[in-house]
Every structure is written in C-alpha cells, then in structure tokens.
Amino acid sequence: MAESHPPIGTGPLAKREARLAWGLLFPTIAAVALVVLLPLLAIFWISFKPVGLADLRAPEVVLREDIRGDDEAVGDAATIRYRLRNSSQDQPITGVTFSDVIPMGLAVQDLDPRCTLENRDLTCDLGDWEPGNREILTIPVIVEQPYLDNALRPQDSPATTTGVAPNVLTNTTFTLDNFSRIFSGEEFVEVLWVTLFYTVFGTIGALLVGLFAALLLNKAFRGQGILRGLYLFPYVAPVIAVAFAWLILFDPFSGSANALLIQMGVTPTAINFFGERPLALIMVTVFEIWRYFPLSFLFILARMQSIDTDMYEAADMDGASPFQQFWYLSVPQLLGILSVLFLLRFIWTFNKFDDIFLLTGGNAGTRTLTVSVYEQAFAISNIGAGAAVAVVIFGCLLAFSIFFLKYISREEGL
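Cut-offs and rules
- Residues numbered from 1 in each chain as written.
- Predicted model: local features only at pLDDT ≥ 70, side-chain atom pairs only at ≥ 80, totals over all residues.
- Heavy atoms only, no water.
- Disulfide = S-S within 2.5 Å.
- Buried < 20%, exposed > 50% of the residue type's maximum accessible area, 1.4 Å probe, protein only.
- Helix = DSSP H or I, 4+ residues; strand = E, 2+ residues; numbered from the N terminus.
- Pairing = 2+ DSSP bridges.
- Patch = residues over 30% accessible without salt bridge, like charges linked within 9 Å, V, L, I, M, F, W, Y side chains within 5 Å.
- Areas by Shrake-Rupley, 256 points an atom, 1.4 Å probe, with all protein chains shown as cover.
- Salt bridge = Lys/Arg side-chain N within 4 Å of Asp/Glu carboxyl O.
- Lys, Arg positive; Asp, Glu negative; His and termini not counted.
- Charge placed at Lys NZ, Arg CZ, Asp CG, Glu CD.
- Domains from an automatic or database assignment.
- Phe/Tyr/Trp six-rings, centres within 6.5 Å; stacked < 30°, edge-to-face > 60°.

Peer 1: Can you walk me through the state of the cysteines in this structure?
Peer 2: Note on terminology: disulfide describes a covalent bond linking the sulfur atoms of two cysteines. Under the criterion given, the structure shown has one disulfide. One disulfide in the model links Cys115 with Cys124; its S-S distance is 2.0 Å. Note on the Cys115 and Cys124 pair: the S-S dihedral is about 110°, so by sign convention the disulfide is right-handed. With relative accessibility at 1%, the residue Cys124 sits in the buried group.

Peer 1: How should I be thinking about the pairing of strand S7 (residues 134–143) in this particular structure?
Peer 2: Successive residues of a regular strand alternate their side chains across the two faces of the sheet. Every second residue of S7 is oriented toward a common face, the buried set being Glu135, Leu137, Ile139, Val141 and Val143 and the non-buried set Arg134, Ile136, Thr138, Pro140 and Ile142. One ladder, built from nine bridges, connects strand S2 (residues 77–86) with S7; its direction is antiparallel. Bridging from a neighbouring strand, Ala78 pairs with Val141 of S7. Here strand S4 (residues 106–108) pairs with S7 via three bridges, running antiparallel. Bridge pairing in S7 links Ala107 to Ile142.

Peer 1: What am I meant to see in a negative patch on the surface here?
Peer 2: Among the surface-exposed residues, Asp308, Asp310, Glu313, Asp316 and Asp318 lie close enough to one another that they form a single negatively charged patch. Looking at where Asp308 falls in the secondary structure, it is placed in the loop between helix H8 (279–304) and helix H9 (310–317). According to the relative accessible area criterion, Asp308 is partly exposed, its value standing at 45%.

Peer 1: What should I look at first to understand the pattern of salt bridges in this one?
Peer 2: In a structure, side chains of opposite charge can pair up when their charged atoms sit close to one another. Counting across every chain of the model gives nine salt bridges. Put simply, Arg83 and Asp66 hold a salt bridge, and the shortest N to O gap is 3.9 Å. Note that Arg83 is positioned in strand S2 and Asp66 in strand S1 (residues 61–69), a separation of 17 residues in sequence. A salt bridge links Asp112 to Arg114; the nearest nitrogen and oxygen atoms lie 3.0 Å apart. Taking the relative accessible area as the measure of exposure, Arg114 reaches 33% and is therefore partly exposed. One connected set of salt bridges, linked through shared partners, spans Asp66, Arg81 and Arg83.

Peer 1: Looking at this model, I keep getting lost on the domain arrangement of the protein chain. Mind explaining?
Peer 2: In many reports, interface size means the accessible area that the parts give up when they come together. Taken domain by domain, the protein chain consists of domain 1 (61–164) and domain 2 (177–408). For domain 1 and domain 2, the distance between their C-alpha centres works out to 62 Å.

Peer 1: Before we go on, may I ask you to explain the packing of aromatic side chains in this structure?
Peer 2: In this description, an aromatic ring pair is defined by two values, namely the gap between the centres and the angle between the planes. Counted by the stated rule, this structure contains 27 aromatic pairs. Their ring planes at 70° and their centres at 6.0 Å tell us that Tyr231 and Phe293 sit as a pair that is edge-to-face. Within this pair, whereas Tyr231 is found in helix H5 (residues 224–236), its partner Phe293 is found in helix H8, the two being separated by 62 residues in sequence. Classification of Phe293 by relative accessible area gives buried; the value is 9%.

See the structure below:
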C-alpha cells in the first residue's frame, strides 16, 4: 500500500517558511501602507467632509492676559484682564475653563461668580461657548510690597485653557456637496476635456518624438554620445528654469519668437502664445512633449539596440525598403515597450501640475484637474472640494489602467 504524503505546501516546514516570508515582507507592506494607502484613504475621507482650510486647525480657546491701571506702588489699584475668544466661527466649544496663578503681592478684591481662588490658584468655569464667542474677564486687585519685590507680572505665568470642540475631520458628518459642486454646470466637462487633450496628445507626442529620436541615434556615428546628452537636457533640466525660459522666449512683448515671426512676415502683430485660447493649451502640450520625450527616447533606443540585426539583413537582401523594415520588423518588437511607456506617461501626464501652473497658472483654457485641485483646496480654501477632485482623478486613472491592462496589453501580448 502506497504511503500517503501531505499535499505540497501544507506541511509544517512549508507553514514555517510562509510565516518567515510574511515576516520578512511585513516591513515593506507596512511602509507601502503608510506611504500610499493611508494618504489615499485620508483623501477619500476628506472628500466627503465639509472641510475648509481653516478647519484643519481644531477650534481652541485663545486667551490673552495683561494688567491694567497703576501697579508701581503699594496700594495702587489695578485690574487683571483676561481676553478670551473662540478661534472658530463655525464650531462651538463646550466645557470651557481656564486656570492661572495670581502673582504674589496682588490682593484680589472681587471675583467673577464663575471663578474660584485657592491661595493664588485661579480657576474659572465659563461653560459652553457658541462659535465666535468673545469674553473679557476682569479681576480688581490691590498692589502690595511682595509684588514690587518679586517683579513677577501676571503675563509672566501663562494661563492654561481647556475645552472640547468637535473636529470636522474626525466627526461623523458626511456630505456629497463637494462632488455636486464639482459635477454641476459645464465647468467640469471643460476641465476634463482640457485634461484629456493635454494628456492624450502630450503622451502620444512624447512617444512619437522619442521614437523618431531613437531612430536617428540607433546607428553609431561620430558625436553620438554628445547628441544623446543634448537630447536628455529637457528632461534633466529644472522645470522652473525651462518653464521661465519658454515664457521669455514666447513673450508677446520682448520674446525672440515673436520678433522672428514679425520680421519674417508670418504675423503682423505679436502673438500671446500662453495667453490666448486655444493656443495656450497647444503650447503647454508642446512643452510637455518637448520636456518628456527624452524618457521615451532612452527606453525605445535601448529596446531597438537589443533587436537581432539578422532580421534586417535578411529583409534587406529580400529587397525590403527602410520603411517596410521599420513597420514590419521594428514596430512589432517595440510594441511592448511602447505600451508600457504609454501607460506610464499617460498616468504621469494626467497627474501633471507644475508645468501648467508655471506656464499659465491654469488660465487661458489650460485648467486641468490637477490645477483644479490646487484652486479648490488653496485658492478658495475648500479642502473637501479639492480632495473630491483628487478622488475623481484617482477614479479616472484607475478606470484607464484597468481598461489598458485588460484589453490593450492583452492584444499586444504583454
């Protein structure tokens, strides 16, 4: 009778190996969760909250303390003044209290009914406060000699305050107003169209220019290394430097491009390249192509130089033209890297913010979804609406990635 063995992967040794593997992977999983998942979940959470920029700081009791009147001689009458306010104009604070230490040598003459004094320890219970509540509390005192001797003033011992306030970031109040504000009207449709135009043409343009540059440098010749270095300049140069260089070059008043076009008779007047519709959108797309084609160029060139040259020699002997060799031999070999580059460049371009913000600030019909996130969150101080736009961006990219990986990459054998 044949001896039975436990299934592969279910024995004690396999279980110990699995536990060891998960133990080794745990730091990586925890790091990914902290860096990626937690911020993503926070964005989803905030997108359903009525959060403004001022709400990021929890409401608190703001207190200022000073002494009024004469306090320079024994017997002088003075007043300790406490000015308190609710820092929030929208949220109440419950259970407001504050405590302070009265300096030695100040004899308290009268107390507010809400306050108690034990030795020199002052405690006041001010109850619940409405949003924006302000209050001034005064305590009359008489100056005695110890006060003049110790040189300690009321503001030298800061008062402490307590209070409980609801935090809009952590409470259970949710709303769909952020999303309704985004999708209402034609503004969202226009912003989405601009984003798609900028992303699609910027991505395809960068791939085509990178492919053309790779074809030019695929053959060895003198000065090839220098030319490759020059091709990489747009990608490695600081974005703020090249962006302002383009703005100066195409400036309608002092730009070299306008001066050249006018002298050549192409246009009778200067053209505002980054200030007119739809030219501004075309210009930022061209800038995107110019700046990021070197990345495509590097990957495509590396793939082209790994293709076996025997195929091209056989095709050349059969009388195939250079275009036929490229279309029927090179392109099928490049489809894999082109697909990966298209996916990555589409995601990166869809998320691009700094280029457009530096060139146009989102004006003249160049406002994309990422620029809208900035405007909603910081220009009009609506953090919730900005997070909602970020969720829309995530949804668009997730849908595109699923579609691309499920259908496009399958057809290309990836």
